[in-house]
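Below are the chains, spelled out letter by letter.
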Amino acid sequence: MCGIVGYVGQKQALEVVVAGLRRLEYRGYDSAGVAVISEGVLEVRKRAGKLANLEELLGADPLPQSTTGIGHTRWATHGGPTDHNAHPHVSEDTRIAVIHNGIIENFAELRDELRAAGVQLTSETDTEVAAHMLAREVPIVDGDLPEAMRRVCRRLEGAFTLVALDREQPDLVVAARRNSPLVVGVGEGENFLASDVAAFVEHTRHALELGQDQVVVLTPDDITVTDFAGEPVEVRPFTVDWDASAAEKGGYDLFMLKEIAEQPKAVADALRGRISKDHRIQLDETDLDESVLRSITKVVVIACGTAAHAGMVAKYAIEHWTRLPVEVELASEFRYRDPIVGPDSLVIAISQSGETMDTLMALRHAKEQGARTLAICNTVGSTIPRESDAVLYTYAGPEIAVASTKAFLTQIIAAYLVGLYLAQVRGLMFEDEIRAVLDELDEMPSKVDLVLDTTEHVRELARELADSTSVLFLGRHVGFPVALEGALKLKELAYMHAEGFPAGELKHGPIALIEEGVPVIVIVPSPRGRAVLHDKIVSNIQEVRARGALVIAIAEEGDEAIAPFADHIVRVPAVPTLMQPLVSTVPLQVFACEMATAKGHDVDQPRNLAKSVTVE
Ligand code: AGP
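Residues numbered from 1 in each chain as written. Predicted model: local features only at pLDDT ≥ 70, side-chain atom pairs only at ≥ 80, totals over all residues. Heavy atoms only, no water.

This part is about the packing of helix α13 (residues 406-425) against helix α18 (residues 580-598). Interaxial distance between α13 and α18 falls to 10 Å at its minimum, and their mutual angle equals 170°. When the axes of α13 and α18 are compared, the pair comes out roughly antiparallel. Residues F408, L409, I412 and I413 of α13 pack against P581, L582, T585, V586 and Q589 of α18. (Axes fitted to C-alpha atoms, helices over the stretch in contact; angles between N-to-C directions. Helix = DSSP H or I, 4+ residues; strand = E, 2+ residues; numbered from the N terminus. Parallel < 35°, antiparallel > 145°, perpendicular 65-115°, else oblique. Contact = heavy atoms within 4.5 Å.)

Encoded structure:
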C-alpha cells in the first residue's frame, strides 16, 4: 500500500518521479504528491485522488527544475483521502519533506510529545510526526540527515518505509525501512528508490534488496546502507529479469485484460526449468531440504484473498498426492488463534507481492514456532521470500491490475509442483504417475489459450447481467475455491454482492438467497472425473433452478448431460479434475472484468483497494 519513488541524478527528477508513480499507482490512488529541491527551497505539490489530479495541478502550477525528488501515491490509513493528508509532509521550518508507506503505531504518543513541544500538526496522518521529528533531530546531529533518520527510526513502532529530503542538502535522498517494501535502483551518475522495481526499471535493471531496519543514503554517485545503529550492512544485488515493456499495457485497454491474456505464457514460465528430461521435478533453486520434506507430518498454507484460494485448490492436490494433511489458513487469522505448527510442519506462504503484511506476520509466527517455511511468490527480492527458508518463484511477470489473475494460475502451478515434489521425495507416487501429472501440466498453457479464444459468450453474459444486484457461484471439490475466486473478482471489480459456496452447502442456509432471476454461476465438475460429483452438482442446480435462479454453467466441452439444466453454458476444454481450476477460473475473470467495464468502473484500480496490502 502506498507507492514511493525517490530519485537523485542528472535527469529532471519530476519526470522520473511522476513516471515512477504512474507505474506504482496500483499500490494506492487516494492521493499523489511530489517534492523537489530547487535553489535551497523544498517545493511540494500534492492532490487528493488519482495521479491525473496531481498532473493537472503540475500543469497549472509547475515545479522548478531539479535533479532530486521524491513522490508518493497513497492508500489512506490515518486520515481521509484529502489534499491535506496527501504526502509529502513537510516540517514546520519547511526544511524536511517526508513520504511514508506503512503505519507508525505509536504515532499518537509521538504526536502528543510534539504538541507538548509546541509543534503544530496540520494533518491527520501518522506520517507527519516523522517530518517534524526529523526536523528536530537534524540540527542536533549537525545536519547529518542519515543519522537523524536512524535516531527517529529507533523511536518508531510499526511498519514504515520513510523517505526524506533536506532542502539544505540538494543531492541527497535518505530512506529507511521496517516491515515495508523498499528497493534501490542502481544507475550511473543517478540512483533510484521505490516500493517496487517497476518504478525505475525503464532506467536500470540493477537493483539492491534492502533488509529489515536499514537506512539507505543515495547521492548521484553513491549508495550506502546501514542498520538503525549506524553499522554498515551488506545488501544483496539482483537483476530485474523483465523490462519496462512488461509493465506497460502493450496495446490492451486495461492491465487486467493484458494479464488475463498473458496467462498461457505465465503458466508455461512457472513450469519452465522445473521438470527434468527424465520427467522428474527439480526444485533445486528453492533450497528445499529433502530430509526436511521427508520428516514433515503436515502442510499449512498461509495466504490472503486470491492467494488463499490458490492454496485451497492446492490442498486437494497435495493431500491426494502425498496423503499429508494440508490446512489452508487465512493469514490474517493465523497467528491470533494459537495454531498448531512446529518443526514437523511445512508452512507455505503464498503471495504475489511478497509484501502482504498479514502473510508476513503469519510467516514470522510460524518461524517462531520452529516450522519450516517455503514462500511461493511472484516478486523477486520481496520480504516474504527473503524471510522464508526456501522460495519458489512463480515467474508470472509484473501483475499491475489490482485484481489478481495470472498470479492465481501460477500459484496453483507452483503449489502443485511442491506437492508432486513432496510425493517424489517421499516415494509416494510411482514415477509414471508423476509423469502423467507432469504431462497434464505441460498441456495447460495451450488449454488456457483455448479458453481465451472463446470468451465472447461470457462477455455477452456479463453485459446482459450488469444490472443484477447479486451473483452466486457454486462449485464442488476444486470447483469450490474457483467459486470463491469468481465471487471475489466480481465483488472487487463490479462492487456487487457475490458469494461463492460449496454447492452441497447451499441447502444449509444460503439457498434462502435464491429468488427469481438471480444469476448462479456453477463450476461443473467433469463427468469423466468422479462422476458422482457431476451428478451431485446437477442436483444442486435443480435445487436453485426450482427457485427461479438463472443458471450459467461453466462446463467442459463434450459434457452434453449438463445442457438440460443450464440457461447458459460457457464451455472450457476438457482437462483432468485437478487441472480444472486452471481453465474454469479464466471465464470468471473475464466475466468480472467485462461486468465492471459495463458498469463504468475503473477495472485496474477498483475503489478502496490497493494491490499490495502492507498493513494488518
Ligand atoms: C485479489 O484479486 C486481490 N488483489 C487480493 O485478494 C490479493 O490476492 C491478496 O491481497 C493477497 O495479495 P498477495 O498475493 O500479494 O499476498
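Moving on, we come to helix α7 (residues 263-271). Along α7, seven of the nine residues are buried, which leaves the element largely enclosed by surrounding structure. Looking only at α7, the buried set comprises Q263, P264, A266, V267, D269, A270 and L271. Looking one or two residues past α7, G273 carries a phi angle of roughly 75°, positive in sign. (Buried < 20%, exposed > 50% of the residue type's maximum accessible area, 1.4 Å probe, protein only.)

Looking now at the site of the ligand. The ligand sits among 14 residues. The nearest are S351, Q352, S353, T356 and E492. The contact in question runs from an oxygen atom of the ligand to an N or O atom on the side chain of T356, over 2.4 Å. Between the ligand and S404, the relevant distance is 2.8 Å, taken from an oxygen atom to a main-chain nitrogen or oxygen of the residue. When isolated, the ligand has an accessible area of 410 Å², and the protein chains bury 91% of it. For the shell around the ligand, the secondary-structure elements that each account for two or more residues are α9 (305-322) and α16 (479-494). Partitioned by chemical class, the residues of the shell around the ligand number five nonpolar, seven polar and two charged. Two domains share the shell around the ligand, each providing at least three of its residues, namely domain 2 (255-442) and domain 3 (456-598). (Near = heavy atom within 4 Å. Polar contact = N/O pair within 3.5 Å; in protein donor to acceptor, adjacent residues only side chain to side chain. Areas by Shrake-Rupley, 256 points an atom, 1.4 Å probe, with all protein chains shown as cover. Nonpolar A, V, L, I, M, F, W, Y, C, P; charged D, E, K, R; others polar. Domains from an automatic or database assignment.)

This brings us to the packing of aromatic side chains. Applying the stated criterion across every chain, the model contains five aromatic pairs. Consider the rings of W321 and Y416, whose centres lie 5.3 Å apart with planes at 80°: the pair is edge-to-face. Taken together, the residues span a long stretch of sequence, with W321 in helix α9 and Y416 in helix α13 at a distance of 95 residues. Through a chain of ring-to-ring contacts, the aromatic side chains of Y7, F192 and F200 assemble into a single cluster. The ring centre of Y29 lies 5.0 Å from the NZ or CZ of K50, which sits over that ring. Residue placement shows R607 over the ring face of Y495; its charged tip is 4.0 Å from the ring centre. (Phe/Tyr/Trp six-rings, centres within 6.5 Å; stacked < 30°, edge-to-face > 60°. Lys NZ or Arg CZ within 6 Å of the ring centre and 35° of its normal.)

No statement about biological role is implied by the geometric values presented.
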